[in-house]
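A look at the structure
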Amino acid sequence: MIVKDSEKTSDISKGLVLLMATVCGFTVANVYLNQTLLVSMSASFHVSAASIGIIATLAQIGYALGNLLIVPLGDIFERKKLILFLLFAICIVLALNALSINKTWMLVTSLALGIVTVVPQIIVPLAANIASGHNRGKVLGNVAIGLICGILGARLVSGFIDVHFGWRMVYWTSAVATLFMILLVYVYFPKSKGANAPSYKHLIMSLGPLFIKERALQQACVSQGMMFASFSAFWTTLVFLLDTDPYFYGSDMVGVIGLVGIAGAFATPIIGRLIDTKGAKFASLLCMSISLLAFIGLIRGGYWLPGLILGALLITIGTQANQVACQFTIFQLGEEKRSRLNGLYMVSTFLGGSLGSYVGLLAWSKWEWHGVCAIAILMIAISFCSLIPISIPKKTIGNFMNKKGSNT
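What you see is a predicted model; the values in this text were computed from it and never measured. (Residues numbered from 1 in each chain as written. Predicted model: local features only at pLDDT ≥ 70, side-chain atom pairs only at ≥ 80, totals over all residues. Heavy atoms only, no water.)

1. Topic: the pattern of salt bridges
Our working rule: Salt bridge criterion: a side-chain nitrogen from Lys or Arg within 4 Å of a carboxyl oxygen from Asp or Glu. Here a helix means four or more residues in a row that DSSP labels H or I, a strand means two or more in a row labelled E, and each is numbered from the N terminus. Summary of the burial criterion: residues with accessible area below 20% of their type's maximum are buried, those above 50% are exposed, and those between are partly exposed, where the area comes from a 1.4 Å probe applied to protein chains only.
Under the counting rule described, the total for this entry stands at one salt bridge. Note that Glu-214 and Lys-337 form a salt bridge whose closest N and O atoms lie 3.1 Å from each other. Residue Glu-214 is located in the loop between helix H11 (207-213) and helix H12 (215-241), and its partner Lys-337 is located in the loop between helix H16 (305-331) and helix H17 (338-385); the two are separated by 123 residues in the primary sequence. Overall, Lys-337 belongs to the buried group, its relative accessible area being 12%.

2. Things to note about helix H4 (residues 54-69)
To keep things clear, this is the line we draw: By this rule, a helix spans an expected 1.5 Å times one less than how many residues it contains.
With 16 residues, H4 should cover 22 Å at 1.5 Å per step; its first-to-last C-alpha distance of 22 Å lies within 8% of that length. Inspection of H4 places Ile-55, Ala-56, Thr-57, Leu-58, Ala-59, Gln-60, Gly-62, Tyr-63, Ala-64, Gly-66 and Asn-67 among the buried residues, and these make up the whole buried set.

3. Examining the packing of helix H7 (residues 120-130) against helix H8 (residues 136-165)
A packed helix pair is summarised by two numbers, namely the angle formed by the two axes and the spacing between the axes. Heads up, the condition is: Simply put, an axis is a line fit to the C-alpha atoms, just over the touching stretch for a helix, and the angle between two N-to-C directions goes from 0 to 180 degrees. Note that the term roughly parallel is reserved for angles under 35 degrees, roughly antiparallel for angles over 145, roughly perpendicular for angles of 65 to 115, and oblique for everything else. Rotating anticlockwise by less than a right angle from the far helix to the near helix defines a left-handed crossing, while the corresponding clockwise rotation defines a right-handed one. Working rule for contacts: check all heavy atoms of both residues, and any pair within 4.5 Å makes them a contact.
It is at 9 Å that the axes of H7 and H8 come closest, and there the two elements cross at 155°. With respect to their mutual orientation, H7 and H8 come out roughly antiparallel. As H7 runs across H8, the sense of the crossing is right-handed. Residues Pro-120, Gln-121, Val-124, Ala-127 and Ala-128 of H7 form the contact with H8, whose own contacting residues are Arg-136, Val-139, Leu-140, Val-143 and Leu-147.

4. Description of the confidence of the model for the protein
Put simply, the rule reads: Residue-level confidence of the predictor is what pLDDT reports, using numbers from 0 through 100.
Model confidence for the protein is summarised by a mean pLDDT of 83, while 88% of its residues fall at 70 or above. Confidence drops under pLDDT 50 across residues 1-10; counting only partners more than four residues distant or on other chains, this segment forms 42 contacts. Note on residues 404-408: pLDDT is under 50 here. Beyond four places in sequence and across chains, it has one contact.

5. Quick word on the side chain of Asp-162
Quick note on the threshold: Note on charges: Lys and Arg go in the positive column, Asp and Glu in the negative column, and His and the chain ends are not counted at all. Within 3.5 Å is the distance limit for a polar contact, defined as a pair of N or O atoms, with the added protein rule that one can donate a hydrogen and the other accept it, and that residues adjacent in sequence qualify only through two side-chain atoms.
With respect to the secondary-structure elements, Asp-162 resides in helix H8. In this structure, Asp-162 is buried with no salt-bridge partner, the nearest side chain bearing the opposite charge being Arg-168 at 9.7 Å. Separated by 2.7 Å, the side chains of Asp-162 and Ser-40 make a polar contact. A polar side-chain atom of Asp-162 sits 3.4 Å from the main-chain amide nitrogen of Trp-167.

What follows is the structure in C-alpha cells.
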C-alpha cells in the first residue's frame, strides 16, 4: 500500500519535531562514527591509515544505496513500521561492526550499516507532509538540527569513547542508543494512512524517468552533492591534519571541533525561515558563498586552531543549510512522490560525500591540507554552476518514456 499522509491544517507539534530530529540525529550518526576511529582501526587491524580510509567511503556509498533502494518504500509502506524495521536492522549491524576481526569484515559491515541507516530520509518527507505549507521550511530546518547534531556529535562521542574505552565500544554504545530510539518511535510516532500503490518494481523503475523529468531535482542533486563532497573532504581528513604539525592531537580533538560545528546546526531554522520568505534559490546562493569563503580562509587558517574552528563552523552552516533549501525545493514537486524525490536527492548527496571522502584522502596523501582545500573549492564551484538552467529537450524525455513503455 502506498503512504499518502493527509495535509494538516495545523502545524506539526514542537514535541514531535523534536523527537523526529532526535531520531534522525542518533541514526545518521552511525554513518560518521568511523571517521574519528580510522587511526585506531588501522592500528588494530595492522594496516595503513590511508588504506583504512576506504571504510568511511564505503559507509557513505552504502547510505547512497539505501536511499536508492529503501527510501522509496516510504511511498508504498506505512512509514512507522518501516522505520522500526530499519532500527532493528541497525542494531544488528552495529553489533557486527563491534565484533569485526579484520579489515575485510569491517568493510562489509560498514557498507551494510550505511545501507540500513536511512531512517532520517524516511522521517524528513513525513515531517514535510505533516507540516503546513506556509511553515514547511521552518519545520525542515528544525528537523535538520538533529541531522547536523548527529553528524558532528558522532565525532565528539566516538572520539571520546575511542580514547578511553576503544573503538569497539563506540559501536556497542550506539546499538544501545538505537534500542532506546525504537521504544520512542513505537510509542510516539504517528502512523501513515494507506492507499493503492504500484509494485516495488514499478516504483524503482519510475526513478529514472522521474529524475529526467524534474529539472529542479537535477539541480538540487548537483548542488548538494558537491557541497556535501567538500564537507566530507574536510571532516574525513581533519583527523590526519590534527595528528600532524603543528597540532599532534588525538582523535578526541576532532570531536571537540565537531562540537563547535554543532553550533552551526542552529542556523538551519534561520535558513528555513529565510526560505519561507526569500525563496530557496536565494538561500542556496548564500549557503554556497559561506562554504566557499570558509575554505578559502582555511588554506592558511587551517594551521591555526581558532581559524580551523571557525572554518568548521562555517562549513557546517553552509552545507547543512543548503540541504534544507534543496529539500524544500524538491518537496514542492508533489506530496505523493516525496519519498522517491528525497531518495534520489540523498543518493546524489551521499555519492558526493563518498567522492569527497575518497578524493579528500587522495589530496591529503599528495598535497596534504592545501590540496584538500583546493579540491573542496573546486567542488563548491561546481555547486554554484548547478544554478545555471539546464535544458533537456522534451523530445528526449518523450523518447525515453516511449522506450521504457516498449520494454515493459
